[in-house]
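# Working through the structure, step by step
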Amino acid sequence: MTRQQKLWTLLTIISTILWGIAGLFAKQIFLSAPKLTPMLLTQIRMIVGGTMLLIFSTIRKENTLAIWHNKKDALTVIAYGLAG
């Protein structure tokens, strides 16, 4: 196994563990804050995640808005955002 394959295997294992832990945290949040709905929690997670991605890509000086320069790519992103 190459070094890159080992890295991606490790990252897959870590993300799987974090996914499971996130479910446990969500359950505790719902028990402690009954007014918080799963939809609201999902919205908060998406906003925070998207904001973090934008911040990291800006720090790395990547062109974060390049997707909007190509009409086909922009329509694909919009369609995916609306339809999932």
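Since this is a predicted model, take the numbers as computed values, not measurements.

## Here we look at the layout of surface pockets
For the largest pocket, the calculated volume is near 190 Å³. Together, G50, L53, L54, S57, I67, W68 and V77 line the largest pocket. Grouping the amino acids of the lining of the largest pocket by side-chain chemistry returns five nonpolar, two polar and no charged.

## A look at the pattern of salt bridges
Pairing is possible between side chains of opposite charge, provided their charged atoms come close. Taken as a whole, this structure holds one salt bridge when the rule is applied. As a salt-bridge pair, R60 and E62 come within 3.3 Å of each other at their nearest N and O atoms. Using a relative accessible area of 63% as the deciding quantity, one classes R60 as exposed.

## Examining the environment of V77
With respect to the secondary-structure elements, V77 resides in helix α3 (residues 71–83). Spatially, the C-alpha atoms of V77 and V48 are 19 Å apart, while their sequence positions differ by 29 residues. Ignoring anything within four residues of it in the chain, the contact list for V77 reads I67 and W68.

## Side note on a nonpolar patch on the surface
Where nonpolar side chains cluster on the molecular surface, the patch consists of L7, W8, L10, L11, I13, I14, I17, L18, I21, F25 and I29 and spans about 1000 Å² of accessible area. Its relative accessible area of 32% is what places I29 among the partly exposed residues.

## Looking at helix α2 (residues 38–59)
Between the first and last C-alpha of α2 there are 31 Å, a value that for 22 residues agrees with the 32 Å anticipated at 1.5 Å per step. The positive-phi residue at the C-terminal boundary of α2 is K61, with phi of around 60 degrees.

Cut-offs used in this document
Residues numbered from 1 in each chain as written. Predicted model: local features only at pLDDT ≥ 70, side-chain atom pairs only at ≥ 80, totals over all residues. Heavy atoms only, no water. 1 Å grid on protein atoms, 1.4 Å probe; cavity = no way out; pocket = protein on both sides within 12 Å on 5 of 7 lines; lining within 4 Å. Points joined across faces, edges and corners; volume = space filled by probe spheres on them. Nonpolar A, V, L, I, M, F, W, Y, C, P; charged D, E, K, R; others polar. Salt bridge = Lys/Arg side-chain N within 4 Å of Asp/Glu carboxyl O. Buried < 20%, exposed > 50% of the residue type's maximum accessible area, 1.4 Å probe, protein only. Helix = DSSP H or I, 4+ residues; strand = E, 2+ residues; numbered from the N terminus. Contact = heavy atoms within 4.5 Å. Patch = residues over 30% accessible without salt bridge, like charges linked within 9 Å, V, L, I, M, F, W, Y side chains within 5 Å. Areas by Shrake-Rupley, 256 points an atom, 1.4 Å probe, with all protein chains shown as cover. Expected span 1.5 Å × (residues − 1).

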